[in-house]
2 protein chains.
Amino acid sequence: MMFNNLTNKKIILASKSPRRQELLKGLGLSFKIKTKEINEDFPNSIDNSDVAAFLAKKKAESFALSNDEIIITSDTTVLLTNRILNKPQNTEEALRMLQRLSGKTHEVCTGVCIKSIEKEIIFSEFTSVTFKLLSLDEIEYYIKHFQPYDKAGSYGIQEWIGFIGVEKIEGCYYNVMGLPISKLYQKLLEF
Amino acid sequence: MMFNNLTNKKIILASKSPRRQELLKGLGLSFKIKTKEINEDFPNSIDNSDVAAFLAKKKAESFALSNDEIIITSDTTVLLTNRILNKPQNTEEALRMLQRLSGKTHEVCTGVCIKSIEKEIIFSEFTSVTFKLLSLDEIEYYIKHFQPYDKAGSYGIQEWIGFIGVEKIEGCYYNVMGLPISKLYQKLLEF
């Protein structure tokens, strides 16, 4: 109803993340999922706060689109004092990452690209997330029960550790889950 | 596992809200639901920012507890320039409330009471929520499809209007859903 500009367009979300799919569904928009593995390398010259937008654009440009398709791609990075925390490779790395986030404020950046054959827009949204001091017990409990190996920064805000550990956020909550949904809505209305 | 202090205690959540039940479940705590209708009047002398805590305490004290029971009660208020926005009685009131929230920052306050026969603690948590300018179309669409008549301030942050309309929050997101879950966790550990 809201997206008169998108009538006759086929929206594609290029993400396997059930959280992103749920968020986009929440807009009341019909869409399909198409995913593709891309090489997530980026040039060293890019500032860490631009990496998410760079990767979103790279993902979008890896798809061959037909006339009526609009693709949405995104990438989320976790930045602590401007250094990127990736997905942890193992328990020790997850533990170390969560110990670094404990008692501190970090930034979550989601970069988004919306692309058709005619145009492309790219934007980033930043949210500050503050963890309380996490005990070793809490960190170990979380890693054991939630296996956050697919998560940048080793945590999901919508999981147990987010419930017990996140004291406050500043910015868009859904951005931390993987899509800055109110901004995406606005950008889609204007696309 | 985390709540050694609560072993042999029966936790009761006094809330019908599925959101609050889901949040408390997220802590990994077993609990039962017991609810009771109380008169939600409060003295005029109370500051609006203390009303949620007052009502949480009033609810908790309306239950007769046994030795091993701990009850959790809560109340959430929406404050715009320190005036309380209640649940809307009808479409017109919901529309007017959302028009007042549009383009502005308001406060959501959840007051919580944790009570056993031995002790009682009460606390409040405040979160700032900023709405973008909402169009009349958006407000009408939301009211029609989501019927927010059971919601203080006429909106649920986890619903469509929260997705498209909330530009940013400052504080605890779950507090806006109805329970300041990280603070509640901490208070339960210390209870």
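Residues numbered from 1 in each chain as written. Chains lettered and ligands numbered in written order. Predicted model: local features only at pLDDT ≥ 70, side-chain atom pairs only at ≥ 80, totals over all residues.

*Asks:* Outline the overall build of chain A, supporting the account with residue identities and numerical values.
*Replies:* When you go through chain A residue by residue, the secondary structure sums to seven helices and seven strands. Starting at the N terminus and walking to the C terminus, you meet the elements of chain A as β-α-β-α-β-β-α-β-β-α-α-β-α-α. For 191 residues, the compact-globule formula gives about 16 Å, and the C-alpha radius of gyration of chain A, at 17 Å, lands near that figure. Overall size of chain A, expressed as C-alpha extent along the three principal axes, is 55 × 35 × 25 Å. In chain A, which comprises 191 residues, the share counted as buried stands at 41%. Sequence separation of at least 24 residues holds for 70% of the intrachain contacts in chain A that already meet a minimum separation of 6. (Helix = DSSP H or I, 4+ residues; strand = E, 2+ residues; numbered from the N terminus. Rg over C-alpha atoms; globule rule 2.2 N^0.38 Å. Buried ≥ 20, exposed ≤ 12 C-beta atoms within 10 Å, placed from the backbone. Contact = placed C-beta atoms within 7 Å.)

*Asks:* Which residues make up the interface of chain A and chain B, and what values do they have?
*Replies:* Each partner contributes to the interface: chain A provides 24 residues, whereas chain B provides 24 residues. At six residues, strand β7 (residues 166–171) of chain A tops the list of elements feeding residues into the side of chain A that touches chain B. Here the residues of the side of chain A that touches chain B are counted per class, giving 15 nonpolar, five polar and four charged. Examined bridge by bridge, β7(A) and strand β7 (residues 166–171) of chain B share three bridges and lie antiparallel to one another. Of the residues in β7(B), the one forming a bridge with A:Glu170 is B:Glu170. (Nonpolar A, V, L, I, M, F, W, Y, C, P; charged D, E, K, R; others polar. Pairing = 2+ DSSP bridges.)

*Asks:* Lay out helix α3 (residues 91–101) of chain B in plain terms, naming residues and giving numbers.
*Replies:* Residue and element names in this part refer to chain B. Of the residues making up α3, those classed as buried are Ala 94, Met 97, Leu 98 and Leu 101. All buried residues of α3 fall inside an arc of 95° around its axis, so they share one side. With its phi angle positive at about 75°, Gly 103 sits one or two positions after the end of α3. (Arc of directions from axis to C-beta.)

*Asks:* So what about the relation of the copies chain A and chain B? Which residues, and what values?
*Replies:* Between chain A and chain B, the superposition needs a rotation of 180° and an axial shift of 0.0 Å, giving an RMSD of 0.0 Å. Taken together, the rotation angle and the small translation identify this as a two-fold axis. Minimal C-alpha separation from the rotation axis in chain A is found for A:Glu170, amounting to 2.2 Å. By residue overlap, the copies meet face to face through one surface: 100% of the interface positions of chain A are interface positions in chain B. (Least-squares fit on C-alpha atoms with pLDDT ≥ 70 in both.)

*Asks:* So what about the pairing of strand β5 (residues 105–115) of chain B? Which residues, and what values?
*Replies:* Residue and element names in this part refer to chain B. Most of β5 sits inside the fold, with eight of its eleven residues counted as buried. In terms of strand pairing, strand β3 (residues 69–80) meets β5 through nine bridges, oriented antiparallel. Residue pairing across strands places Thr 76 opposite Thr 110, the latter belonging to β5. Bridge count for β5 against strand β6 (residues 120–131) is eleven bridges, and the pairing is antiparallel.

*Asks:* Describe the confidence of the model for chain A, naming the residues involved and giving the relevant values.
*Replies:* In this model, chain A carries a mean pLDDT of 96, and residues with pLDDT of at least 70 account for 99%. If you check the scores for this complex, the pTM reads 0.93 and the ipTM reads 0.91. (pLDDT = per-residue confidence, 0-100.)

*Asks:* Can you tell me about the environment of B:Gly162, naming the residues and giving the values?
*Replies:* All names here are of chain B. With respect to the element layout, Gly 162 can be found in helix α5 (residues 160–165). Along the backbone, Gly 162 and Leu 188 are 26 residues apart, and their C-alpha atoms lie at a distance of 29 Å. Once you skip the residues sitting within four places of it in the chain, Gly 162 turns out to touch Tyr 155, Gly 156 and Ile 157.

*Asks:* Outline the environment of A:Ser49, supporting the account with residue identities and numerical values.
*Replies:* All names here are of chain A. Note that Ser 49 resides in the loop between β2 (32–33) and α2 (51–61). Judged by C-beta crowding, with 16 C-beta atoms within 10 Å, Ser 49 ranks as partly exposed. Considering only alpha carbons, one finds Ser 49 and Glu 125, 76 residues apart in sequence, at a separation of 9.9 Å. If we ignore the near neighbours within four places in the chain, the residues touching Ser 49 are Leu 79, Asn 82 and Cys 109.

*Asks:* Give a detailed account of unusual backbone geometry, specifying residues and quantitative values.
*Replies:* Even without being a glycine, A:Thr81 presents a positive backbone phi close to 45°. If you trace the backbone, A:Thr81 turns up in the loop between β3 (69–80) and β4 (83–85). One non-glycine residue, B:Asn8, lies in the positive phi region at around 70°.

*Asks:* How would you explain the nonpolar core if you had to name every residue and give the values?
*Replies:* Core analysis: the biggest nonpolar cluster contains 100 residues, and A:Phe163, A:Tyr174, A:Ile181, B:Phe163, B:Tyr174 and B:Ile181 have the highest contact counts within it. With residues near it in sequence (within four places) discarded, A:Phe163 still touches B:Leu23, B:Gly26, B:Leu27, B:Tyr174, B:Ile181, B:Ser182 and B:Tyr185. (Core = buried A, V, L, I, M, F, W, Y, C linked by C-beta atoms within 7 Å.)

*Asks:* Explain helix α7 (residues 181–190) of chain B to me, and be specific about the residues and the numbers.
*Replies:* Among the residues making up α7(B), those that are buried are B:Ile181, B:Ser182, B:Lys183, B:Leu184, B:Tyr185 and B:Leu188. Lining the buried residues of α7(B) we find α5 (160–165) and β7 of chain A together with α1 (18–26), β5, β6 and α6 (173–177) of chain B.

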